[in-house]
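Report on the structure
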Amino acid sequence: MKSIRPIIFLGKRALVLALTVVVAVYVTIYVANMGGYVDEIVKGEALLRVSQEVRANPANRALNETQVRNLIEQLYQNELKRLGFDQPFIVRSFNYLRDALSLELGRSLFISSDSGSRSVRVIIMERLPNTVLLFTTTQLILFFLGLFTGLFLSRRYGSRIDKIMTLLTPMSSLPGWFYGLFLILIFASVLRVLPYGGMVDVPPPTDRFEYALSVLRHMILPILSWLTAYFFISTYTRRTFFLIFSSEDYVEVAKAKGLPEPLIRRRYILRPTLPPIITDLSLTLLASWTGAIITETVFNWPGVGSLFYVASVTFDTPVLVGLVVIYAYLLAITVFVLELVYAILDPRVRTGVMAG
Amino acid sequence: MMRVKPLLRYKSSLVGVGILCILIAVSIYTVLTIPFEEAARLWRAGEQTWLDNPRNALPAWVNLFSSTKLPSTLVFDTQKPGPEVIKVSVRAGENIKISRVEIRFRYDYDDFPSEVNLFLKSSYNTSPPQLTINWVKPDGTHIDLKKTTISRDDRFYISADTALSTELNKIIERKLNRQPPYIIPTTTILLGVEDESILNPSTVKVLKGEYKLLIEGLLFEPNADFDAKLVVYGKVYGWAGTDHLRRDIGIALLWGTPVALLFGVSAAFSIALIQMSIGAVSAWFRGPVDMAMQRVTEIFLVLPFLPVLIMVSTLYKVNIWVILLIVILLSSFGPGVKNYRALFLQLRESPYIEAARSYGAGDFRILVLHLIPRVLPTMIPSVVLSAADFVFLEAALAILGIGDPITPTWGKVIEDAFYAGALFKGQYYWVLIPSALLASTSISFALIGFALDKIFNPRLKEI
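Quick notes on the rules
- Residues numbered from 1 in each chain as written.
- Chains lettered and ligands numbered in written order.
- Predicted model: local features only at pLDDT ≥ 70, side-chain atom pairs only at ≥ 80, totals over all residues.
- UniProt positions renumbered as here; feature names shortened; annotations may be inferred.
- Contact = placed C-beta atoms within 7 Å.
- Helix = DSSP H or I, 4+ residues; strand = E, 2+ residues; numbered from the N terminus.
- Nonpolar A, V, L, I, M, F, W, Y, C, P; charged D, E, K, R; others polar.
- Pairing = 2+ DSSP bridges.
- Axes fitted to C-alpha atoms, helices over the stretch in contact; angles between N-to-C directions.
- Core = buried A, V, L, I, M, F, W, Y, C linked by C-beta atoms within 7 Å.
- Buried ≥ 20, exposed ≤ 12 C-beta atoms within 10 Å, placed from the backbone.
- pLDDT = per-residue confidence, 0-100.
- Parallel < 35°, antiparallel > 145°, perpendicular 65-115°, else oblique.
- Left-handed = near helix turned anticlockwise from the far one by under 90°.
- Domains from an automatic or database assignment.

The name given to chain B in an unreviewed UniProt entry is ABC transporter permease, with the source organism recorded as Caldiarchaeum subterraneum. The Sequence similarities (unreviewed entry) comment attached to chain B in UniProt states, word for word, "Belongs to the binding-protein-dependent transport system permease family."

Within an unreviewed UniProt entry, the label attached to chain A reads ABC transporter permease, and the organism entered is Caldiarchaeum subterraneum. Turning to chain A, the UniProt record has this under Sequence similarities (unreviewed entry): "Belongs to the binding-protein-dependent transport system permease family." Quoted straight from UniProt, the Subcellular location (unreviewed entry) entry for chain A says "Cell membrane".

Dropping the structure here:
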């Protein structure tokens, strides 16, 4: 009985997560189509395209106006059928859902990749490495910097450096892109030592090493802007977190027993705080690949964030849905894996006490 | 609310409260003195409304920090005669009249004007007046600007006239016997010292003293008349400068203040209240209600917030208050719900709730009278802290170009500046002043929020 419980628990969780993903993707499809409004845009575009083609075609010169109209109407209906628009939106939305869930991301409406492809998969895969390079790096730096500084400060609680760091925490109320503006102003506009934005020099260096160097140079300002913005708050959060955990009763007991300081830190403070920290890290890293719309716009970084932006303003539904469905899957999988790991690690969860 | 006083005990929060009070005072002043319709009209008006303003002028206070005094704008109008503007008319025959306009003014600034324009208006039936326009420098140099007939509403862009510029450069070349190595701008020739120094853009000097603009008009009808307005555009204007459309940035910044405060505070408060209520209901009823609400929260976790917001505002070209509503709706089931739920789950087991239940209090009564009031104070710090985020969200939307198209806001000013390439052209004031306002608003919220956190969560004060 005892061994089945966690399996049932995890099975239930998997089911619920799967259901959540399905509903979330459907809601996204519905919202991204603006409840069917995007259809009107696409239909309008199709009609425009068809009528331009017909009128520009010299072969149709001999036709009179009514014949031309009929021809346009006929071709337009064909085009709608090709797009699958002869079915009502509700029916199609479920087709979209099926395609999205099976990761058949389809073709974009307007956006094309740099290589000229209209395949959503190609478009996303083209942007993904750029964003991972910039934002996953940034988040990793932020995470470890915050973790170690926080731990350091929690041990020197009340010292001058601790007070200064706490005093600087309100700096984090300004977002990263905002510091980005100033860093651009200082380092690009006034000092002219770093580029305004973009990912690589124009024209891109042919030499591999120089190319990497140029990309690195373009990464400095975005990373620096995020560090300025979020370093203090992440340090402060970790510091408070460690402080709360180090005032737990069992830590006091360990101290009273006279255990050595490093042992207390490792076994009594770090170990119980590990699960929330790991959850935090994995979710932040996961979220980092969706990029940051505004930072990427400010720095003109060709990543997923700016793809999100362009897709939203042009109503390119397939791209939006594609991005969301990948994110939803990854999120669900991460959450499930985390629960699985905790179920294995945490004896309370293992016996199902916490299942609720 | 009784615990506001301790807030003043922290130095940092005192600064925050101070900044916030100033911002609120500015908001009240703005709302009372410039009606919103007026501000929106001024901001969206074409160049016609702002014709007398210089383009891309710095804020006037830069003169305080610099030894070279930058010029302000000088406007002289014959419709508003004064000691500087004299207009005399003489009859010179049966149908002919001569009108003389003399505009005298002192120019003591250290830098040249950004532009010089002459706006001419005339009234006549068939034959338009003929004008001869001359410019006299303090050293007595005469410069012929133009001889022309004018229409009823005419303009003479003195500093932008290429024919005049070529002519004046030739005069300088003849006078100094040397060809200027660059095309000397008309403003420099009109107001500069005409010696060797004018041949190098870095050594040109302003000739200080009294200038004269003479207009002699030949009017061919007894009732004909003309009026002239000379505008010597400066390089500084107001407390915030002007933008590329000559608009006074100050107006947008003033109106941005109440908009930013209201947007930030109302978004933060309503979202926190809604999230808390959802958390409370979820924790109190448990079972299927809880289950459903938790799932909805998870769905919202997947839904991309900013893209949806961008789509809706692109589609409907909504104004800022509709954007606010969408922000609230999209955030109602945000991650905050989970935190509040955890808090309420703990609370619902406390003895006083059990007591309330034992005397037969209903669900609604317990929720509204016992559970929510207990959590209300603990949420205030995070609400104040998140207000800063929403102030920036509005700015971010404006910078992406999808904010409210009518209301002037700080973000919109920054967007205009970006769009006009202010950072590339070195027009830093245009970005710096709205940014400073944004930053100080958000930092004041943060300072107050952190102090409140210490007051309301004493556990933090201990450690």
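Now for the interface of chain B and chain A. Each side of the interface is counted separately: chain B has 35 residues, and chain A has 38 residues. Within the residue set of the side of chain B that touches chain A, elements represented by two or more residues are helix 6 (287-302), helix 7 (305-316), helix 11 (363-399), helix 13 (422-425) and helix 14 (429-456) of chain B. Counted by class, the side of chain B that touches chain A contains 28 nonpolar, five polar and two charged residues.

Residues and elements named next belong to chain B. In spatial order, the strands read 1-9-4-7; together these four strands make up an open sheet with antiparallel pairing. A strand with exactly one partner marks an edge of an open sheet, and here the two such strands are strand 1 (74-77) and strand 7 (153-156). Averaged over all pairs of adjacent strands, the angle between their axes in this sheet comes to 15°, without regard to strand direction. Here strand 1 pairs with strand 9 (residues 225-233) via four bridges, running antiparallel. Within strand 9, the residue paired with Asp 77 across the bridge is Lys 229.

Looking now at the UniProt feature "transmembrane region" (unreviewed entry) in chain A. Residues and elements named next belong to chain A. Residues annotated by UniProt as "transmembrane region" (unreviewed entry) correspond here to residues 12-32, 132-153, 174-195, 215-233, 274-299 and 319-345. End C-alpha to end C-alpha, residues 12-32 measures 30 Å, and it is 100% helix and 0% strand. Segment residues 174-195 splits into 68% helix and 0% strand. End C-alpha atoms: 23 Å apart.

As annotated by UniProt and renumbered to match this structure, "transmembrane region" (unreviewed entry) occupies residues 12-32, 252-274, 295-312, 318-337, 383-403 and 428-452 of chain B. Taken end to end, residues 252-274 of chain B comprises 100% helix and 0% strand; its first and last C-alpha atoms sit 32 Å apart.

Ranked by internal contacts, the top residues of the largest apolar core, which has 166 residues, are Val 324 and Ala 328 of chain A together with Leu 253, Val 391, Ala 395 and Ala 396 of chain B. Broken down by element, the residue count for this core peaks at 17 residues, all from helix 5 (residues 249-285) of chain B. Setting aside residues no more than four positions away along its own chain, Ala 328 of chain A makes contact with Val 21, Ala 24 and Val 25 of chain A together with Val 302 of chain B.

Look at the UniProt record and you will see "domain: ABC transmembrane type-1" (unreviewed entry) annotated at residues 261-449 of chain B. Secondary structure over residues 261-449 of chain B splits into 83% helix and 0% strand, and the C-alpha atoms at its two ends are 15 Å apart.

Right, let's get into the confidence of the model for chain B. Confidence along chain B averages 87 in pLDDT terms, with 97% of residues attaining 70 or more. Reported confidence for the predicted complex is 0.81 by ipTM and 0.84 by pTM.

All names here are of chain A. Taken N-terminus to C-terminus, the directions of helix 2 (residues 37-56) and helix 3 (residues 65-83) make an angle of 135°; their axes are 9 Å apart at the nearest point. Here helix 3 runs oblique to helix 2, going by the angle between their axes. Considering only the axes of helix 2 and helix 3, their crossing is right-handed. Counting all contacts with helix 2, which are made through Val 42, Lys 43, Ala 46, Leu 47, Val 50, Ser 51, Val 54 and Arg 55, the residues of helix 3 involved are Val 68, Leu 71, Ile 72, Leu 75, Tyr 76, Glu 79, Leu 80 and Leu 83. Along the lines of polarity and charge, the residues of the contact of helix 2 with helix 3 split into twelve nonpolar, one polar and three charged.

A few words on the confidence of the model for chain A. Predicted confidence across chain A gives a mean pLDDT of 86, with 96% of residues reaching 70 or more. The weakest mean pLDDT in chain A belongs to helix 14 (residues 347-350) of chain A at 60; the strongest belongs to helix 5 (residues 120-155) of chain A at 91.

Taken domain by domain, chain A consists of domain 1 (3-102) and domain 2 (127-315). The C-alpha centroid of domain 2 of chain A is placed 39 Å from the C-alpha centroid of domain 1 of chain A.

Right, let's talk about the packing of helix 5 of chain B against helix 6 of chain B for a bit. All names here are of chain B. Following both chains from N to C, one finds helix 5 and helix 6 inclined at 140°, their axes separated by 7 Å at the closest point. Crossing handedness for the pair helix 5 and helix 6: left-handed. In this structure, helix 5 uses Ile 278, Val 281, Ser 282 and Phe 285 to contact helix 6, whose residues at the interface are Gly 287, Val 289, Asp 290, Met 293 and Gln 294. Partitioned by chemical class, the residues of the contact of helix 5 with helix 6 number five nonpolar, three polar and one charged.

To continue, consider the domain arrangement of chain B. One can read the domain layout of chain B as domain 1 (2-45 + 248-462) and domain 2 (66-233). For domain 1 of chain B versus domain 2 of chain B, the distance between C-alpha centres works out to 54 Å.

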